[in-house]
Amino acid sequence: MSEFFRSPEGGEAAPGTKTEPVIDNLVQQLSRLPSIGRKTAQRLAYFLLQGRNDSAERLAQAISEARKHVHACRECGNYTQMDLCPVCTNPRRQRSLVCVVEKPWDVLALERSGRFPGVYHILGGCLSPLDGVGPQELNLARLFQRVEGSEAELILALGTHAEGEATAMYIARKLQGSRVKISRLARGIPIGSDLEYVDELTMQRALEGRVDFSGQDIA
């Protein structure tokens, strides 16, 4: 339990202003969310605790409903309420053009460009042996099943960090000698960035300028 509230300037308030354990726990849980630091978590916690609105109840209900009804698409792994997501059931999508991404929110970044006619495959992350993430922890087996024996094109739209590079190389090795064409997004995406922070124009140019990855030296 925190003993003191910290002032906006970073100093400690006077002794005796202890936080309640239940409030401290709420702040701690909120601070675990992406891009939420402790100060932001504190502001959110006190906003939710205000008695003048029902924000906390509506948020809790929305989270509960989403957790209850949303699951992974059987085909691509994206979030959906149905057995198959809207992209996978769209007859106008090119099934032979599969864009491989790390997380479901990467699909939103690509869809904003409005220029991708194919379908997606969400891996659920990238290979990271130091963190205990191997091929079995990712949605790789289903990916290889989807393209087995086909002349599909895989667009590897993974992050340009070390884990993304390692995952791309792993996929290329596994499909070496197959009829599957492997390409990557053009290097218009900044090195070390995540797809969710890429603007629409950069994403559009990256899709249009993707490069062949099949002939890479992966020995």
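Structure: see above.
Conventions adopted
Residues numbered from 1 in each chain as written. Predicted model: local features only at pLDDT ≥ 70, side-chain atom pairs only at ≥ 80, totals over all residues. Heavy atoms only, no water. Helix = DSSP H or I, 4+ residues; strand = E, 2+ residues; numbered from the N terminus. Buried < 20%, exposed > 50% of the residue type's maximum accessible area, 1.4 Å probe, protein only. Contact = heavy atoms within 4.5 Å. Salt bridge = Lys/Arg side-chain N within 4 Å of Asp/Glu carboxyl O. Core = buried A, V, L, I, M, F, W, Y, C linked by side-chain atoms within 4.5 Å. Axes fitted to C-alpha atoms, helices over the stretch in contact; angles between N-to-C directions. Parallel < 35°, antiparallel > 145°, perpendicular 65-115°, else oblique. Left-handed = near helix turned anticlockwise from the far one by under 90°. Nonpolar A, V, L, I, M, F, W, Y, C, P; charged D, E, K, R; others polar.

**Topic: the environment of R115**
No. 1: Tracing the chain through its elements places R115 in the loop between α4 (104–111) and β4 (118–122).
No. 2: For R115, a relative accessible area of 46% corresponds to the partly exposed category.
No. 3: Excluding its chain neighbours within four sequence positions, the residues that come into contact with R115 are Q204 and E208.

**Some details on the pattern of salt bridges**
No. 1: If you walk through the whole model with that rule in mind, you get 9 salt bridges.
No. 2: With a closest N to O distance of 3.7 Å, E200 and R112 form a salt bridge. Of this pair, E200 sits in helix α7 (residues 200–208) while R112 sits in the loop between α4 and β4, and the two are 88 residues apart along the sequence.
No. 3: Under the relative-accessibility criterion, E200 is labelled partly exposed at 40%.
No. 4: For R112, a relative accessible area of 40% translates into the label partly exposed.
No. 5: Among the charged side chains, a salt-bridge network with shared partners connects E75, R142 and R146.

**A short note on the environment of G77**
No. 1: In this structure, G77 sits in the loop between β1 (71–72) and β2 (79–80).
No. 2: Through-space distance from the C-alpha of G77 to that of L123 is 7.4 Å; in sequence the pair is 46 residues apart.
No. 3: Leave out the neighbours within four places in its chain, and G77 touches A72, I122 and N139.

**Observations regarding the nonpolar core**
No. 1: Ranked by internal contacts, the top residues of the largest apolar core, which has 44 residues, are L154 and I171.
No. 2: Counting only elements with at least two residues in this core, the list comes to β3 (94–101), α4, β4, α5 (140–147), β5 (153–156), α6 (162–174) and α7.
No. 3: Among the elements that take part in this core, β3 stands out by supplying 5 residues, more than any other.
No. 4: Discounting chain neighbours no more than four positions away, the residues touching L154 are V98, V100, L143, V147, I171, L175, V180, K181, I182 and S183.
No. 5: Within the second largest apolar cluster, 6 residues are counted, among which are I23, L30, A45 and L48.

**A word on the packing of helix α1 (residues 21–31) against helix α2 (residues 38–49)**
No. 1: Closest axis-to-axis distance for the α1/α2 pair is 8 Å, and the angle between their directions is 125°. When the axis of α1 is compared with that of α2, the two are oblique. The handedness of the crossing between α1 and α2 is right-handed. Residues I23, D24, L26, V27, L30 and S31 of α1 form the contact with α2, whose participating residues are R38, A41, Q42, L44, A45, Y46, L48 and L49.
No. 2: Of the residues that constitute the contact of α1 with α2, the class distribution is 10 nonpolar, 2 polar and 2 charged.

The values are spatial; any link to function lies outside them.
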